[in-house]
Amino acid sequence: MLTSNNLKRSVIFWLGLGLLLMQSFVHADSEFTERIEWKKTPIQLKLKVGHERLVHFPASVKVGVPASLQPQLRTQSVNGTVYFLANAPFDATRVMVRTVDGGQIYLFDLSASKEGGQTNPVQVFVKKTGERESGQTNPSVDSNEAMAHYSYVTLTRFAAQQLYAPARLVQDRLGIVRVPVARDSVALLRGDSVDATPLVAWRADGLYVTAVKLTNRSEQSQTLDPRHLRGSWLTAVFQHNRLLASGSETDTTAVYLISARPFAASR
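Residues numbered from 1 in each chain as written. Predicted model: local features only at pLDDT ≥ 70, side-chain atom pairs only at ≥ 80, totals over all residues. Heavy atoms only, no water.

Asker: Quick rundown of the overall build of the chain? Include the residues and the values.
Answerer: Scanning the chain for helices and strands turns up 4 helices and 16 strands. Residue burial in the chain is summarised as follows: out of 267 residues, 42% are buried. Accessible surface for the chain amounts to roughly 13900 Å². Of this, 49% is attributable to carbon and sulfur atoms. (Helix = DSSP H or I, 4+ residues; strand = E, 2+ residues; numbered from the N terminus. Buried < 20%, exposed > 50% of the residue type's maximum accessible area, 1.4 Å probe, protein only. Areas by Shrake-Rupley, 256 points an atom, 1.4 Å probe, with all protein chains shown as cover.)

Pasting the structure below:
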C-alpha cells in the first residue's frame, strides 16, 4: 500500500508533470502506439475479431499470409503501414512481412480472438549499429550515462511520453529498458467498478514503471484514489482522477505505477 509520504509525493509528481499528463486519453486503444524493436525474434501480435489493427514499418512492405489463414485474415499494405483485420478467431500462426526492396524480413506470430485481442497500433523499428537509445548516433557518449539514476518524476514522464507524445518527440532513454508485462485484466482497484489492464512496462536502475489502462465499467462516475489501489507501489499517478459512466468518451484513463519489483510481483 502507498504510505502517506508516498501519497504526498504522488501529488507533487502530478503537479510537476503538468500539461503532459493532461493530454486526452479518449479511445486509448486506438491512440496508444506500442513501439517494438525488431530483434530477429517473432513478434506476437494479438488481434481482436472485427477490429482493424495497424502496424507501422520503417519502409514499404508486403505480407505473406499462409493459404490456411487467408479466409480468416484480411491484410492491406500501404506506404509502410499494414492493416490487419481478423474475420474470425484463429490460433497463433507465423506470418512473414518483407520490405519491398527485399532488404528486411520481419516475422509475426498472429492470433485472433473475440475478447482478448488488442486494437492499438504498433510501430516496428530496427536499431542501427552504433545507434543510441534516443535514436541518435554518438559514439563518444559516456557509458556511465546508461547507469543514470532516474527519479520517480522522470520515469513517470517517460512512460507518459512513450504512450501519448507525438512520434517526433518520443525518445528512448539509456538505462530505461522495456520489460514484458501480461496484458490481462487485473483487480487493481478495490470496489471492482474499474477494469485495469497493463499496457506497457519498463525497468530502470532497479525500479519498474508500468502504464495501466483504467476503464469504468459501472453506470456511475468514479473518483480515483491511490489509497484504493491493491499492491505495493512506490508512487501512483493518475492521468485523470475521475471517470465518467461506462460508455462515455471519458470513461477511460491511465495510471502510472512505480514499484521495486515487476508489476505481477507487486500487486
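Now that the structure has been shown, we can carry on.
Asker: Give me the sheet that holds strand β10 (residues 177-179): which residues, what numbers.
Answerer: Reading across from one edge, β10-β11-β12-β16-β14 is the order of the 5 strands in this open sheet, with antiparallel pairing throughout. In this open sheet, the two edge strands, each paired with only one partner strand, are β10 and β14 (235-238). For this sheet, the mean inter-axis angle between neighbouring strands, taken without regard to orientation, is 25°. (Pairing = 2+ DSSP bridges. Axes fitted to C-alpha atoms, helices over the stretch in contact; angles between N-to-C directions.)

Asker: So what's going on with the environment of Arg 261? Which residues, and what values?
Answerer: Its location among the elements puts Arg 261 in the loop between β16 (252-259) and α4 (263-266). Residue classification places Arg 261 among the partly exposed positions, given a relative accessible area of 46%. On a C-alpha basis, the gap between Arg 261 and Leu 207 in space is 6.8 Å, while along the polypeptide they are 54 residues apart. Every residue in contact with Arg 261, bar those within four places of it in the chain, is listed here: Tyr 208 and Ser 266. Within the structure, Arg 261 has its side chain in polar contact with the backbone oxygen of Ala 265 (distance 2.6 Å). (Contact = heavy atoms within 4.5 Å. Polar contact = N/O pair within 3.5 Å; in protein donor to acceptor, adjacent residues only side chain to side chain.)

Asker: Just give me the short version of the pattern of salt bridges, but keep the residues and values in it.
Answerer: With the rule as written, the count across this model stands at 6 salt bridges. Salt-bridge contacts for Arg 74 lead to Glu 52; the nearest nitrogen and oxygen are separated by 2.5 Å. On the criterion of sequence distance, the pair formed by Arg 74 in strand β5 (residues 73-78) and Glu 52 in the loop between β2 (43-48) and β3 (53-56) is long-range, its members being 22 residues apart. Using a relative accessible area of 36% as the deciding quantity, one classes Arg 74 as partly exposed. (Salt bridge = Lys/Arg side-chain N within 4 Å of Asp/Glu carboxyl O.)

Asker: Go over the pairing of strand β6 (residues 81-86) with me, naming the residues and quoting the values.
Answerer: A large share of β6 lies buried, amounting to 5 of its 6 residues. In the sheet, β3 pairs with β6 via 4 bridges, with the strands oriented antiparallel. The partner of Val 55 across the bridge, within β6, is Val 82. Note: β5 against β6, 6 bridges, orientation antiparallel. Across the sheet, residue Gln 76 finds its bridge partner in β6, namely Tyr 83. Following β5, the chain reverses through 2 residues before pairing antiparallel with β6; Asn 79 in that reversal takes a positive phi of roughly 50°.

Asker: Tell me what's going on with the nonpolar core, and back it up with residues and numbers.
Answerer: Membership of the largest hydrophobic core comes to 24 residues, with the highest contact counts inside it found for Phe 57, Phe 108 and Val 124. By residue number, the principal contributor to this core is strand β8 (residues 105-113), which donates 4 residues. In contact with Phe 108, other than residues within four places in its own chain, are Ile 43, Leu 45, Val 55, Phe 57, Thr 93, Arg 94, Val 95, Val 97 and Val 124. One finds Ile 176, Val 200, Leu 207 and Ala 254 within the second-largest nonpolar core, a separate group that totals 18 residues. (Core = buried A, V, L, I, M, F, W, Y, C linked by side-chain atoms within 4.5 Å.)

Asker: Got a sec to walk through the environment of Leu 54? Specific residues and values, please.
Answerer: For Leu 54, the position within the fold is in strand β3. Through-space distance from the C-alpha of Leu 54 to that of Thr 81 is 6.6 Å; in sequence the pair is 27 residues apart. Those residues within four positions of Leu 54 in sequence are excluded, and the remaining contacts are Thr 81, Val 82, Tyr 83, Asn 120, Pro 121 and Val 122.

Asker: For the layout of surface pockets, give the residues involved together with the corresponding values.
Answerer: In this structure, the largest pocket spans a volume of roughly 1100 Å³. In this structure, the largest pocket is lined by 36 residues; those nearest its centre are Glu 34, Arg 35, Ile 36, Arg 178 and Pro 180. At the level of elements, β1 (34-37), β2, β9 (122-125), α3 (152-164), β10 and β11 (194-204) are the ones that each hand at least two residues to the lining of the largest pocket. (1 Å grid on protein atoms, 1.4 Å probe; cavity = no way out; pocket = protein on both sides within 12 Å on 5 of 7 lines; lining within 4 Å. Points joined across faces, edges and corners; volume = space filled by probe spheres on them.)

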